Amino acid sequence: MAAAAPPGAPLVLAAASLQESMTAAADAWAAKGHARPVLSFAASSALARQAAAGAPADLFVSADEEWMDDLQRRGLLVPGTRADLLGNRLVLVAPANDSRAVPLGPRSPLAAWLGEGRLAMADPDSVPAGKYGKAALTKLGLWPGVQARVVRAENVRAALALVERGAARYGIVYATDARASKLVRVAGIFPAASHPPIRYPIARLKAFQSLEAEGFRRFLLGREGKAIFARYGFAVW
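Residues numbered from 1 in each chain as written. Predicted model: local features only at pLDDT ≥ 70, side-chain atom pairs only at ≥ 80, totals over all residues. Heavy atoms only, no water.

### Focus on helix α2 (residues 44-52)
And step 1. Residues of α2 that are buried include every one of Ser44, Ser45, Leu47, Ala48, Gln50 and Ala51, and no others.
And step 2. Residues of α2 that are buried make contact with β1 (11-15), β2 (38-42), β3 (59-61), α3 (65-73) and α5 (128-139).
And step 3. A positive phi of about 100° marks Gly54, the residue just after α2. (Buried < 20%, exposed > 50% of the residue type's maximum accessible area, 1.4 Å probe, protein only. Helix = DSSP H or I, 4+ residues; strand = E, 2+ residues; numbered from the N terminus. Contact = heavy atoms within 4.5 Å.)

### Here we look at the nonpolar core
And step 1. Counting 64 residues, the largest nonpolar core has Leu18, Leu92, Leu119 and Leu137 as the members making the most contacts within it.
And step 2. Contacts of Leu137, omitting those with residues within four sequence positions, involve Leu110, Leu119, Met121, Leu142, Trp143, Val146, Ile172 and Phe190.
And step 3. Listed in part, the 14 residues of the second largest apolar core include Met68, Leu71, Leu77 and Leu205. (Core = buried A, V, L, I, M, F, W, Y, C linked by side-chain atoms within 4.5 Å.)

### Description of the sheet that holds strand β5 (residues 90-95)
Sheets are built from strands that pair by backbone hydrogen bonding, the pairs being arranged parallel or antiparallel.
And step 1. Strand order across the open sheet formed by five strands is β7-β6-β8-β5-β9, with mixed pairing between neighbours. Lying at the two open borders of the sheet, with one neighbouring strand each, are β7 (150-153) and β9 (184-189). On average, adjacent strands in this sheet sit at an angle of 35° to one another, irrespective of strand direction.
And step 2. Pairing analysis gives five bridges linking β5 to β9, with the strands arranged antiparallel. When the bridges of β9 are listed, Ala94 appears paired with Arg185. (Pairing = 2+ DSSP bridges. Axes fitted to C-alpha atoms, helices over the stretch in contact; angles between N-to-C directions.)

### What about α3?
And step 1. Within α3, the full set of buried residues consists of Trp67, Met68, Asp70 and Leu71. Across the axial projection of α3, the buried residues extend over an arc of 150°, all falling on one side. Exposed residues pointing more than 90 degrees away from the buried face of α3 are listed as Glu66 and Arg73.
And step 2. On its buried side, α3 packs onto α2, β3, α5 and β10 (199-204).
And step 3. Taking the backbone nitrogen of Glu66 as reference, a side-chain oxygen 3.5 Å away marks Asp64 as the first, capping residue of α3.
And step 4. Positioned one or two residues after α3, Gly75 has a phi angle of 75°, which is positive. (Arc of directions from axis to C-beta. Polar contact = N/O pair within 3.5 Å; in protein donor to acceptor, adjacent residues only side chain to side chain.)

### Thoughts on the pattern of salt bridges
And step 1. Enumeration over the complete set of coordinates arrives at 16 salt bridges.
And step 2. Across the salt bridge formed by Glu224 and Lys32, the nearest N and O atoms sit 3.0 Å from each other. A residue pair is termed long-range when its members are at least 10 positions apart, and Glu224 in helix α10 (residues 223-231) and Lys32 in the loop between α1 (19-31) and β2 qualify at 192 residues.
And step 3. With a shortest N-O distance of 2.6 Å, Asp177 and Arg157 are connected by a salt bridge. Residue Asp177 is found in helix α8 (residues 175-180), and its partner Arg157 is found in helix α7 (residues 156-164); the two are separated by 20 residues along the sequence. (Salt bridge = Lys/Arg side-chain N within 4 Å of Asp/Glu carboxyl O.)

Structure follows, in structure tokens:
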């Protein structure tokens, strides 16, 4: 369960892939004289379940629309506060010392090159990055050849860590995750049409307690917030 925020500080439940960018945004907001938001990072699925269980959080930023839809159906969002915040790309990463580019299409050699190695993914049954990854592999006809080699991680950063440590030959993560690590390199980029659009919606939760939650939400959606996210490689509108 997410930790409680100090008085006045909004508690933000944010997808694991937002660690560096959301931290920078929270720092920028605090530099303006506001209480620094308390950030809780995990898989969007885990965070949505926390919110549904009554966690006293102010804002939720999901890495996909389905988990935000779930909270909306439950009546847990403040009406009129949901908005699309960011976009991303899905990539295949390899250890930094592996220089091979992996073509990602219907005739991709991914399964053959994977061999007896492991393919690290966030859990494809629930975690957004994993669901996007399975959708892409299925669309390209690659899922049957690799599914037995998949290592399911609790979130996208855990999948990234498996590649960083050499415990997996390849991993499926967001482009921004690959950019945040010096221990991996992008081996291939999944075609955008191979999976649903990667959108990060944001909304205030009805359990909110901080009066600064709306101000921080607007900051993230505004010019300054978008500039921070763009600096970390996210698509902004």
